[in-house]
Amino acid sequence: MQGKIIYLDHSATTPLDPEALETMNPFLRDVYGNASSIHSLGQEAKKYLENARETFAKLINAESPEEIIFTSSGTESDNLAIKGTAFANKEKGNHIITSSIEHHAVLNTCEYLEENGFEVTYLPVDEYGAVNPKDVKKAINAKTVLVSIMHANNEVGTLQPIKEIAEIIRKENDTRFTKEFGGIYFHTDAVQTAGKIKIDVQSLGVDLLSVSAHKFYGPKGVGALYRRNGTRIVPILHGGHHERNLRAGTENVAGIAGMVKALELSQTKIDKEQERILLLRDKLEKEIIEKIPYTKVNGHSYRRVAGISNISFEFIEGESLVVSLDLKGIECSTGSACASGSTEASHVLKAMCLEPALAQGAVRFSLGKGNTEEDIDYVLKVLPEMVVKLREISPLWKQRK
């Protein structure tokens, strides 16, 4: 295994698919025109841009290509969905509902809105990291304009009851319209599910949905926001008339082409591939629990993204284990890459009421299409001894009862 890298951090980012890169190359070399230009080179870029929009819309079952807004990232998509909806509907209300385990792209955006006159309700989750739809219903009031609940959590992988929440909002909106109240919009951050689960915006019942290309083997620096027709938002970037006046800035045609190709490729064998990854994840978790005492799998047992495995190793620091694994060529993380460097325990695990010792010892293994059974066998070979060594130098291990 010397010299080989075993990459188990696919929730942080994924390698660019060779076919996606090949799709991008013409737009980096030859079709380099600005899609807003009226000359032939610009119009050629525009044609490919709109073809990509149409393909993307079909892949997520949107009603029309006009419902797709291309952005620079999942973070920008989240910001546009939340700020854009909040500011567009502030005359109707100033209340937003989200969960306590959202990605910081959502949480920090909501905190910003709180500083600017909005009220935010942060819903609790259960021990598995799931929102209770009944809590959403209880939190809704006459001033609620937006609900934002992630499709799946990026740290523990738990899938949220999006369809159930959407139905609650639909029924509430039926009542509101008869009372001449403004409707509530529903946003979901699908950054951790796009490319892993078939996304059908009609079935989910959402009004807004965010994705990020580099999470499903597309390029970094490009994302998308689905906005259902009729959903009122305002832009958060101001400049030109790009993306139907909702997102100023010259479109990254090469990146968009790569993103759409990557998403298209993910759909071809999505069920079979996720089943393969699930078997590897289950093997990893089962043998870790059997071989290493004082360990715990965090997240729901089956309502979870196949590739995410968050495991707590009590009496050690998760970061120490990540560094030790890195020295053996195994790449993983303690949680969200956007929170790396923080010495605080994960806000997700805290919200799940995990004991502090377990929260501090959590490591996230996130599997992808490049992983094999041999990779898992190697991890299972080196991990137990590594945990033993770290526990031997841990004061917590020595103080255990």
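By convention here, each chain's residues receive numbers from 1 onward along its written sequence. Local features in this predicted model are restricted to residues of pLDDT 70 or higher, and side-chain atom pairs are both shown and tallied only at a pLDDT of 80 or more, whereas totals for entire chains, interfaces and linings draw on every residue. Computation of side-chain values covers all heavy atoms of the structure but excludes hydrogens and water.

A short note on the environment of Leu263
Part 1: Here a helix means four or more residues in a row that DSSP labels H or I, a strand means two or more in a row labelled E, and each is numbered from the N terminus. Note on placement: Leu263 falls in helix 9 (residues 253-268).
Part 2: Only protein chains enter the calculation, and the probe is 1.4 Å; a residue is then buried if its accessible area is under 20% of its type maximum, exposed if over 50%, and partly exposed in between. With relative accessibility at 4%, the residue Leu263 sits in the buried group.
Part 3: The contact criterion used is simple: two residues touch if any of their non-hydrogen atoms lie within 4.5 Å. In this structure Leu263 touches Phe56, Leu59, Ile60, Ala194, Gly195 and Phe216, once residues within four positions along its chain are discounted.

Focus: the sheet that holds strand 3 (residues 95-99)
Part 1: One requirement defines pairing of two strands: DSSP has to find at least two bridges between them. The strand order 2-8-7-6-5-3-4 describes an open sheet built from 7 strands, whose pairing is mixed. On the outer flanks of this sheet lie strand 2 (68-71) and strand 4 (119-123), each paired with one strand and no other. Direction aside, the axes of adjacent strands within the sheet are offset by 20° on average.
Part 2: Here an angle of 0 to 180 degrees is reported between the N-to-C directions of two axes, which are lines fitted to C-alpha atoms, with helices fitted over the stretch in contact. Of the strands in this sheet, strand 2, strand 7 (208-212) and strand 8 (223-227) are in contact with helix 2 (residues 40-59), which crosses strand 2 at around 115°.
Part 3: Set on the sheet, helix 4 (residues 104-114) makes contact with strand 3, strand 4, strand 5 (144-148) and strand 6 (185-189); between it and strand 4 the angle comes to about 145°.

Some remarks on the pairing of strand 5
Part 1: Counted residue by residue, strand 5 has 5 buried out of 5 residues, so it is predominantly covered.
Part 2: The pairing of strand 3 with strand 5 spans 4 bridges and is classified as parallel. By the bridge assignment, His95 is partnered in strand 5 with Thr144.
Part 3: In this structure, strand 5 lies alongside strand 6, joined through 3 bridges in parallel fashion. Residue Ser148 lies in a different strand from strand 6, and its bridge partner there is His187.

Details of helix 3 (residues 74-88)
Part 1: Working rule for helices: expected span equals 1.5 Å times residues minus one. Under the 1.5 Å per step criterion, the end-to-end length of helix 3 is 20 Å for 15 residues, consistent within 8% with the ideal 21 Å.
Part 2: The definition of a polar contact used here is a pair of N or O atoms within 3.5 Å, where within protein one atom must be able to donate a hydrogen and the other to accept one, and adjacent residues in sequence count solely through side-chain atom pairs. Near the N-terminus of helix 3, the side chain that reaches the backbone nitrogen of Thr75, with its oxygen 3.4 Å away, is that of Ser73.

Remarks on the sheet that holds strand 10 (residues 308-313)
Part 1: Spatially, the 3 strands line up as an open sheet ordered 9-10-12, and their pairing is antiparallel. Each of the sheet's edge strands pairs with one partner strand only, and the pair in question is strand 9 (295-298) and strand 12 (362-366). Within the sheet, the average angular offset between the axes of one strand and its neighbour, ignoring direction, is 25°.
Part 2: In this sheet, strand 12 lies alongside strand 10 in antiparallel orientation, the contact comprising 5 bridges. The residue bridging Ile311 from the neighbouring strand is Val363, located in strand 12.
Part 3: Running over the sheet, helix 10 (residues 270-291) touches strand 9, strand 10 and strand 12 and is turned about 10° from strand 10.
Part 4: Contacting strand 10 and strand 12, helix 11 (residues 318-327) runs over the sheet at an angle of about 45° to strand 12.

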